[in-house]
Amino acid sequence: MISFMQRFLNKLLRDLFSKKKNYKIGLYGPPNGGKTTLANKICEDWLGESMGSVSSTAHETREIQIKEQISIKSKGRELMFNLVDTPGIATKIDYEDFIKTGMKEKDAKKRAKEATKGVIDAIKWLDNMDLVIVVLDSTMDPFSQVNITIVGNLQARDIPVLLVANKIDLKKSNIGRIEAAFPQYQVVGISAKYGKNTDELYEALFKLTS
Amino acid sequence: MLTLQFVPYNEIENISSANRVKKLLKIVKENKIVLLEGRLKKQEEAELIKSTMEQIDESFKGIELGVLHQDRKDMPFFNKLKKNLVQLLLGDRQGLTIIGPATIVKEIKQDPDKIQLFTESGLPLKKKK
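Note that the coordinates shown come from a computational prediction; the quantities given were computed from them, not determined experimentally. As a convention, each chain's residues are numbered from 1 in the sequence order in which they are written. Here chains are named by letter from A upward and ligands by number from 1 upward, in the order in which they appear as written. Predicted model: local features are reported for residues with pLDDT of at least 70 only, side-chain atom pairs are reported and counted for 80 or more only, and whole-chain, interface and lining totals are derived from all residues. With hydrogens and water excluded, all non-hydrogen atoms of the structure serve as input to the side-chain values.

Asker: Explain the sheet that holds strand β6 (residues 187-189) of chain A residue by residue, including any values.
Answerer: Residues and elements named next belong to chain A. Any two strands with at least two DSSP bridges between them are considered paired. To qualify as a helix, a DSSP run of H or I must reach at least 4 residues; to qualify as a strand, a run of E must reach at least 2; elements of each kind are numbered from the N terminus. Read from one edge to the other, the open sheet built from 6 strands follows the order β2-β3-β1-β4-β5-β6, with strand pairing classed as mixed. Of all strands in the sheet, those with a lone pairing partner are β2 (65-74) and β6, marking the two edges. With strand direction ignored, the average angle separating the axes of adjacent strands in the sheet is 30°. Bridge count between strand β4 (residues 131-137) and strand β5 (residues 161-166): 6 bridges; the pairing is parallel. Opposite Ile133, over in β5, you have Leu162 as the bridge partner. We call two residues contacting when some pair of their heavy atoms lies within 4.5 Å. Only C-alpha atoms enter the line fits that serve as axes; for helices the fit covers just the stretch in contact. Angles between N-to-C directions range over 0 to 180 degrees. Across the sheet, helix α5 (residues 145-156) is in contact with β1 (22-28), β4 and β5; its angle to β4 comes to roughly 165°.

Asker: Residue-level account of the sheet that holds strand β3 (residues 63-68) of chain B, with values.
Answerer: Residue and element names in this part refer to chain B. Read from one edge of the open sheet, 4 strands run β1-β2-β4-β3, paired in mixed fashion. Each edge of the open sheet carries a strand with a single partner, namely β1 (3-7) and β3. Neighbour-to-neighbour, the strand axes of the sheet open up by a mean angle of 15°, direction not taken into account. Where helix α1 (residues 17-28) meets the sheet, its contacts fall on β1, β2 (32-37), β3 and β4 (96-101), and the angle it forms with β2 comes to roughly 145°.

Asker: Any details on the pairing of β1(A)? Residues and values, ideally.
Answerer: Across a regular strand the side chains alternate sides, sitting on one face of the sheet and then on the other. Residues and elements named next belong to chain A. The element β1 is largely enclosed, with a buried count of 5 among its 7 residues. Examined bridge by bridge, β1 and strand β3 (residues 77-85) share 6 bridges and lie parallel to one another. Among the inter-strand pairings, Ile25 is bridged to a residue of β3, identified as Leu83. As paired elements, β1 and β4 share 4 bridges and run parallel to each other. The residue bridging Ile25 from the neighbouring strand is Leu131, located in β4. Type-normalised accessible area, obtained with a 1.4 Å probe on protein chains alone, sets the label of each residue: buried when under 20%, exposed when over 50%, and partly exposed for intermediate values.

Asker: Lay out the pattern of salt bridges with the relevant residues and their values.
Answerer: Oppositely charged side chains can form a pair if their charged atoms are brought close together. Any Lys or Arg side-chain nitrogen found within 4 Å of a carboxyl oxygen on Asp or Glu counts as a salt bridge. Within the structure shown, the criterion is met by 22 salt bridges over all chains. In this structure, A:Lys41 and A:Asp45 form a salt bridge, with 2.9 Å as the shortest nitrogen-oxygen distance. One end of the pair is A:Lys41 and the other is A:Asp45, both in helix α2 (residues 35-46) and 4 residues apart, which spans about a single turn. Since its relative accessible area comes to 32%, A:Asp45 is described here as partly exposed. Here B:Lys42 and B:Glu45 are joined by a salt bridge, their closest N and O atoms 3.5 Å apart. Taken together, the positions of B:Lys42 and B:Glu45, both in helix α2 (residues 42-55) and 3 residues apart, correspond to about one turn of that helix.

Asker: So, the nonpolar core: which residues are in play, and what are the values?
Answerer: Residues and elements named next belong to chain A. Judged by nonpolar contacts, the single largest core of 53 residues is most densely connected at Ile89, Val134 and Leu163. In terms of residues, this core owes the most to one element, helix α4 (residues 105-125), which gives 7 residues. Ignoring anything within four residues of it in the chain, the contact list for Val134 reads Tyr28, Ile150, Val151, Leu154, Val161, Leu162, Leu163 and Val164. Within this scheme, the nonpolar core is defined by two criteria: the residues are buried Ala, Val, Leu, Ile, Met, Phe, Trp, Tyr or Cys, and they are joined through side-chain atoms within 4.5 Å.

Asker: Any chance you could break down the pairing of β4(A) for me, citing the residues and the numbers?
Answerer: Residue and element names in this part refer to chain A. Counting buried residues along β4, 7 of its 7 residues qualify, which places the element largely inside the surrounding structure. Residues Leu131, Ile133, Val135 and Asp137 point to one face of β4 and Val132, Val134 and Leu136 to the other, with burial holding for every one of them. Place the viewer so that the strands point away; then a crossover is right-handed whenever the path from the first strand over the helix to the second strand goes clockwise. Read from β4 through α5 to β5, the crossover connection turns out right-handed.

Asker: An account of the interface of chain A and chain B is requested, with residue identities and associated values reported.
Answerer: The partner chain B presents 24 residues to the 25 residues of chain A that form the contact. Summed over both partners, buried area is the accessible surface (1.4 Å probe) that two parts give up on being assembled. The contact between chain A and chain B buries some 2200 Å² in all, and 60% of this surface belongs to carbon and sulfur atoms. Sorting the residues of chain A by area buried against chain B places A:Thr91, A:Lys92 and A:Gln145 first, and these three jointly supply 28% of that buried surface. Scanning the region where chain A abuts chain B turns up 4 salt bridges. Salt-bridge contacts for B:Glu64 lead to A:Lys92; the nearest nitrogen and oxygen are separated by 2.7 Å.

Asker: Summarise the packing of α4(A) against α2(B); cite the residues concerned and give the values.
Answerer: Where α4(A) contacts α2(B), the two axes come as close as 8 Å, and the packing angle between them is 155°. The orientation of α4(A) with respect to α2(B), classified from their angle, is roughly antiparallel. Viewed along their axes, α4(A) and α2(B) form a crossing whose handedness is left-handed. Here A:Thr116, A:Val119, A:Ile120, A:Ile123 and A:Lys124 of α4(A) lie close against α2(B), whose contacting residues are B:Ala46, B:Ile49, B:Lys50, B:Met53 and B:Glu54. Each residue belonging to the contact of α4(A) with α2(B) can be placed in one class, and the counts come to 6 nonpolar, 1 polar and 3 charged. Any angle that is under 35 degrees is reported as roughly parallel, and any over 145 degrees as roughly antiparallel; angles of 65 to 115 degrees are reported as roughly perpendicular and all others as oblique. Working rule for handedness: look at the near helix, and if it is turned counterclockwise from the far one by less than a right angle, call the crossing left-handed; if clockwise, right-handed. Under the scheme applied, nonpolar residues are Ala, Val, Leu, Ile, Met, Phe, Trp, Tyr, Cys and Pro; charged residues are Asp, Glu, Lys and Arg; polar residues are all the others, including Gly.

Right under this line is the structure:
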């Protein structure tokens with residue numbers, strides 16, 4: 001009953017949001033899926049500046065980052081939103097993994113501490129989103145419990161979801177696996193790094209917010 | 001030695017979400033793998049991850065989590081209705097949740113029908129529906 005009431009309230013709030021002009025769009029997903037690369041691409045396309053630093057070492061983004069007043073224009077339509085880039089959600093963080101990448105022990109411990117806080121913040125921020133883009137690495141197995149938990153939590157909160165299968169420029173990329181894992185959602189395959197197929201992503205955002 | 005601890009649903013049925021998470025994490029921090037009958041609510045799973053992050057230190061590196069659950073989209077309407085009714089009356093007892101300490105369970109691979117636990121020794125433990 002409580003869950004039903006919560007969903008009803010979320011729906012009510014969303015209907016109110018649909019009348020407002022400025023959305024809050026979150027980028028969520030596991031570490032190293034390419035959330036910040038995508039955030040940079042969106043910001044470069046529409047603001048002419050990037051958002052954050054990217055790295056092949058996991059948990060490069062350890063704080064919530066926000067770019068405000070992004071305006072996407074296409075076919076006479078305009079979509080205004082604030083973009084929220086979140087730290088990757090993980091169930092484990094081991095500072096020794098950072099040491100293996102060549103980091104000093106003190107820095108590795110600091111990074112691990114910040115990363116754990118980042119995950120907590122990302123989960124706390126879920127309730128603030130009007131729409132979430134879940135960024136998944138299309139070369140990886142999508143059946144991880146972290147992915148299922150993220151998508152399930154968005155569904156439980158009645159927050160619209162767009163699944164992005166990133167890194168389609170890589171040979172091992174397999175969008176079909178993501179589509180099979182989450183058949184109830186639209187999946188857009190992109191390469192955030194090379195800007196491939198981002199037009200389809202923007203079109204999907206227009207559809208989800210219309 | 002690897003210890004698997006079974007937690008029947010009735011052990012968590014009447015406790016709050018916060019206490020469910022606390023109870024399961026306490027077992028995992030004793031270096032045991034939890035086999036929970038049924039599954040947690042989605043919000044409880046998120047809460048489990050959040051609490052895990054709050055407790056990470058040099059000895060506790062986090063958890064590996066996997067859920068086996070029959071959630072077929074092609075299930076006939078009557079079966080779906082029956083399943084939802086049972087769930088409403090008895091709680092979400094269907095399926096199996098596996099939570100292990102990251103220092104012991106390296107990885108949990110899952111698809112809708114099968115779950116594989118890769119332990120630190122490298123030998124996978126298989127569970128099939």
